[in-house]
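Descriptive analysis of the structure
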Amino acid sequence: MQYQWYPGHMFKTKKQMQEDIRFIDVILELVDARIPYSSKNPEIDKLATNKSRVLLFNKEDMADPKATDRWSRYYEERGYVTARLNSKSGSGVGQIQEKIKQACHEKLERDRRRGILNRPLRAMIVGIPNVGKSTFINSFAGKACTKTGNKPGVTKGKQWIRLNKTVELLDTPGILWPKFEDQRVGQNIAFIGSINDDILNPTELAYELCKFLSKRYPDSLKEKYEVTENTNALVMLEQIAQKRACRKKGGDLDLERAAILLLDDFRNAKIRKITLELPEDILNENSKGENQKEDQ
Ligand code: G4P
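Before going into details, it helps to say that this report is about the structure given with it. Just so it is clear, the model here is predicted, and its values are computed rather than measured.

Rules used in this analysis
Residues numbered from 1 in each chain as written. Predicted model: local features only at pLDDT ≥ 70, side-chain atom pairs only at ≥ 80, totals over all residues. Heavy atoms only, no water. Helix = DSSP H or I, 4+ residues; strand = E, 2+ residues; numbered from the N terminus. Buried < 20%, exposed > 50% of the residue type's maximum accessible area, 1.4 Å probe, protein only. Contact = heavy atoms within 4.5 Å. Areas by Shrake-Rupley, 256 points an atom, 1.4 Å probe, with all protein chains shown as cover. Near = heavy atom within 4 Å. Polar contact = N/O pair within 3.5 Å; in protein donor to acceptor, adjacent residues only side chain to side chain. Phe/Tyr/Trp six-rings, centres within 6.5 Å; stacked < 30°, edge-to-face > 60°. Lys NZ or Arg CZ within 6 Å of the ring centre and 35° of its normal. Core = buried A, V, L, I, M, F, W, Y, C linked by side-chain atoms within 4.5 Å. Pairing = 2+ DSSP bridges. Right-handed = clockwise from strand over helix to strand, strands pointing away. Salt bridge = Lys/Arg side-chain N within 4 Å of Asp/Glu carboxyl O.

Within the protein, the secondary structure is distributed over 12 helices and 8 strands. In the protein, which comprises 296 residues, the proportion classed as buried is 48%. Long-range pairs, those at least 24 residues apart, make up 69% of the contacts in the protein between residues at least 6 apart in sequence. Total accessible area on the protein stands at roughly 15600 Å², and carbon and sulfur atoms take up 47% of it.

Written out as structure tokens, the structure is:
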């Protein structure tokens, strides 16, 4: 199955982000905790050289907490300050200000030595569509914040949200695109429902999800739908259809309906808290790539 790229205006958005990044000290990069690698665009590394970085595992309420622990370690070992949060409920949002200060401690120290006190840190949110940027901004900024408006000569046309004495937030988030050239990334984005479903084949996608779940979360389908099969994805989906009485008019099993139901349950974390990738997957893939290069 081909997973489609998000439509249009990518070039313009990237240029805008390049422009915005000049004005900021720290990037708050939101990823979806269920797919921390697939929802992260590697381009941001090129755009954000010399900027402090905070990586936020959003939607942690739907992800496997043990997997989130591993991802936090993985990215912290690579120099990120990380935090996990649920922007929808607001849980974890309270720690972000401290995380920003932690990420910017060198700059704060430099400012202090130069006698510059109370200059707010400027932050910008970036992330792929649907990762929760607007929800996070609302939750982080709350109602108490004030928009500071344009600052002539410095940030023409930019709106800043002054959170407090320490942090100012650019009120328009930067939109990044996932790395769709990688089929596995495309598939993960499709699993979480961030690709328009109209262009996908739900039954094929559900087969792939069954295969994944039977490998990584072997009891999950049994617990949720009393599925007894654990290798053949078609049989798994048939059993889900049976259990949930998904039938066509003549009485045959309606696999497409079962597929949509399974995908919906997964996307709403009704199966259980599931993470679709682990750091080992990425490390294994990278080492495979290296070996292939050596073989050539
Ligand atoms: P974006 O600006 O990055 O495009 O994302 P946006 O904030 O619009 O969020 C996309 C969806 O993700 C919204 O759901 C939002 O409620 C949900 N969301 C954001 N953060 C979290 C989180 O931490 N946990 C959970 N469970 N959901 C989160 P929606 O269905 O589009 O809207 P709504 O029905 O929730 O209003």
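Now for the site of the ligand. Contacts to the ligand come from 15 residues, most closely from Asp61, Asn130, Lys133, Ser134 and Thr135. In this structure, Asp61 approaches the ligand through a side-chain N or O atom, which is 2.8 Å from a nitrogen atom. Surface burial for the ligand is 63%, taken as the share of its 710 Å² of free accessible area covered by protein chains. No other element matches the 3 residues that helix 6 (residues 133-141) contributes to the shell around the ligand.

Below, the discussion takes up the packing of aromatic side chains. Scanning the model with the defined rule gives 7 aromatic pairs in all. On the basis of an interplanar angle of 45° and a centroid distance of 6.4 Å, the ring pair of Phe57 and Tyr75 is categorised as tilted. Of this pair, Phe57 sits in strand 2 (residues 52-58) while Tyr75 sits in helix 3 (residues 65-77), placing them 18 residues apart in sequence. Each member of the pair, Phe57 as well as Tyr75, carries the same accessibility label: buried. When the ring of Tyr74 is compared with that of Tyr75, the centres are 4.9 Å apart and the planes differ by 90°; the resulting orientation is edge-to-face. Across the pair, Tyr75 and Tyr74 agree in class, each one buried. By the ring-pair criterion, three or more aromatic residues cluster together here, those being Phe57, Trp71, Tyr74, Tyr75 and Tyr80. One Lys or Arg, Arg22, reaches over the ring of Phe23 and ends 5.4 Å from the middle of that ring.

Judged by nonpolar contacts, the single largest core of 73 residues is most densely connected at Leu28, Phe136 and Leu262. Discounting residues that sit within four places of it in the chain, Phe136 has contacts with Leu28, Leu30, Leu56, Leu85, Ser87, Val93, Ile96, Ile125 and Ala141. Ala33, Trp71, Tyr75 and Ile282 belong to the second-largest nonpolar core, a separate cluster that totals 10 residues.

Relative to strand 3 (residues 81-84), strand 2 runs parallel, the two being bridged by 4 bridges. Considered in strand 3, the bridge of Phe57 is made with Arg84. A crossover connection joins strand 2 to the parallel strand 3 through helix 3; in handedness this β-α-β unit is right-handed.

What follows concerns the pattern of salt bridges. Under the definition given, this model contains 24 salt bridges. Two residues, Glu109 and Arg113, come together in a salt bridge whose shortest N-O distance is 3.8 Å. Placement of the pair is Glu109 and Arg113 together in helix 5 (residues 105-113), with a separation of 4 residues, close to one helical turn. The exposure class assigned to Glu109 is partly exposed, which follows from its relative accessible area of 32%. A salt bridge links Glu226 to Lys243; the shortest N-O distance between them is 3.4 Å. You can see Glu226 sitting in the loop between helix 9 (220-225) and helix 10 (233-243) and its partner Lys243 sitting in helix 10, a full 17 residues away along the chain. Here Glu226 falls in the exposed class, since its relative accessible area comes to 53%. A single salt-bridge network, built from bridges that share partners, covers Asp25, Lys107, Asp111 and Arg119.

All quantities given are derived from atomic positions and should not be read as evidence of function.
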